[in-house]
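The lines below spell out each chain.
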Amino acid sequence: MQFQEIKENAKVFPGEYLLHQPSQSIVMCGAYKKSEGLIKALKNGQLMEDKVENFRKLVRETHERKM
């Protein structure tokens with residue numbers, strides 16, 4: 001598994017898994033507010049909101065994906 005920085009031109013979709021760096025947790029994206037620079041995510045059953053800089057995209061290799 002690799003993690004990629006979320007840049008300004010990146011696309012982040014609801015339901016996508018992300019790494020929340022301050023808590024070192026894998027979270028599920030709920031909303032990407034590009035204009036506000038925020039991401040809403042589901043962490044341990046609770047909704048959280050934090051700056052985009054605190055998240056990394058989860059990048060999976062082709063062989064890691066479920067077929």
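Before reading further, recall that the structure is shown in the block above.
Residues numbered from 1 in each chain as written. Predicted model: local features only at pLDDT ≥ 70, side-chain atom pairs only at ≥ 80, totals over all residues. Heavy atoms only, no water.

Q: Before we go on, may I ask you to explain the pairing of strand S4 (residues 38–43) in this structure?
A: The side chains of a regular strand alternate between both faces of the sheet. Relative to S4, strand S3 (residues 25–33) is paired through 5 bridges, and the arrangement is antiparallel. The residue of S4 that forms the bridge with Ala-31 is Lys-40. Pairing of S4 with strand S5 (residues 46–51), which is carried by 6 bridges, proceeds in the antiparallel orientation. Pairing of Lys-40 across the sheet is with Glu-49, part of S5. The hairpin turn running from S4 into S5, its antiparallel successor, is 2 residues long, and Asn-44 in that turn takes a positive phi close to 55 degrees. (Pairing = 2+ DSSP bridges. Helix = DSSP H or I, 4+ residues; strand = E, 2+ residues; numbered from the N terminus.)

Q: I tried to follow unusual backbone geometry on my own but got confused; where do I start?
A: Peptide bonds are mostly trans, and most non-glycine residues show a negative phi. A positive phi angle, close to 55 degrees, is found at Gln-24, a residue other than glycine. Positionally, Gln-24 belongs in the loop between strand S2 (17–20) and S3. A positive phi angle is found at Asn-44, which is not glycine, with a value near 55 degrees. Checked against the element boundaries, Asn-44 lands in the loop between S4 and S5. Under the relative-accessibility criterion, Asn-44 is labelled exposed at 73%. (Buried < 20%, exposed > 50% of the residue type's maximum accessible area, 1.4 Å probe, protein only.)

Q: So what exactly am I meant to see when it comes to the nonpolar core here?
A: Soluble globular proteins tend to pack their nonpolar side chains together in the buried interior. One finds Ile-6, Ala-10, Val-12, Leu-18, Val-27, Cys-29, Ile-39, Ala-41, Met-48, Val-52 and Phe-55 forming the largest nonpolar core, which totals 11 residues. Sorting the residues of this core by element identifies S3 and S4 as the ones contributing at least two each. Discounting residues that sit within four places of it in the chain, Val-52 has contacts with Ile-6, Tyr-32, Gly-37, Leu-38 and Ile-39. (Core = buried A, V, L, I, M, F, W, Y, C linked by side-chain atoms within 4.5 Å. Contact = heavy atoms within 4.5 Å.)

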